[in-house]
Amino acid sequence: MQLKKKRTDNLAFTLRVNRESVEKLDYIAEANGRSRNSEINQAIKQHILRFEKERGKISQEDLEDSRSI
């Protein structure tokens with residue numbers, strides 16, 4: 001029997017960040033009771049919300065158009 005791979009919408013990638021920023025990020029994450037990864041995800045979500053509030057919702061069509069550039 002062949003096992004199906006579970007599809008996930010989570011992507012992993014390498015991010016270069018200066019040491020002081022990571023130390024501050026860890027401090028903030030701990031203060032918020034989150035892991036570093038969870039804090040980064042929360043910051044990204046907030047950034048997207050602010051962007052969409054200022055410029056309008058990003059549609060699936062917008063995302064597809066940006067992939068073809």
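Residues numbered from 1 in each chain as written. Predicted model: local features only at pLDDT ≥ 70, side-chain atom pairs only at ≥ 80, totals over all residues. Heavy atoms only, no water.

Caption draft 1: Highlighting the side chain of E39. By secondary structure assignment, the location of E39 is in helix 2 (residues 36–55). What E39 contacts, discounting residues up to four positions off in sequence, is L25, I28, A29, N32 and R34. (Helix = DSSP H or I, 4+ residues; strand = E, 2+ residues; numbered from the N terminus. Contact = heavy atoms within 4.5 Å.)

Caption draft 2: Examining the side chain of E52 more closely. Here E52 shows up in helix 2. K57 provides the closest opposite charge to the buried, salt-bridge-free E52, at an N-O distance of 4.1 Å. Here the side chain of E52 touches I58 through a polar contact of 2.9 Å, landing on its backbone nitrogen. Once residues within four sequence positions are removed from consideration, E52 is found in contact with K57 and I58. (Buried < 20%, exposed > 50% of the residue type's maximum accessible area, 1.4 Å probe, protein only. Lys, Arg positive; Asp, Glu negative; His and termini not counted. Salt bridge = Lys/Arg side-chain N within 4 Å of Asp/Glu carboxyl O. Polar contact = N/O pair within 3.5 Å; in protein donor to acceptor, adjacent residues only side chain to side chain.)

Caption draft 3: Region of interest: helix 2. Here helix 2 is 20 residues long and its end C-alpha atoms lie 28 Å apart, about the 28 Å a rise of 1.5 Å per residue gives. After helix 2 finishes, the residue G56 shows a positive phi value of roughly 100°. (Expected span 1.5 Å × (residues − 1).)

Caption draft 4: How the structure looks around the confidence of the model for the protein chain. Here the protein chain averages 92 in pLDDT, and 90% of its residues register 70 or above. Predicted confidence in the protein chain is weakest over helix 3 (residues 60–67), with a mean pLDDT of 90, and strongest over helix 1 (residues 19–31), with 98. (pLDDT = per-residue confidence, 0-100.)

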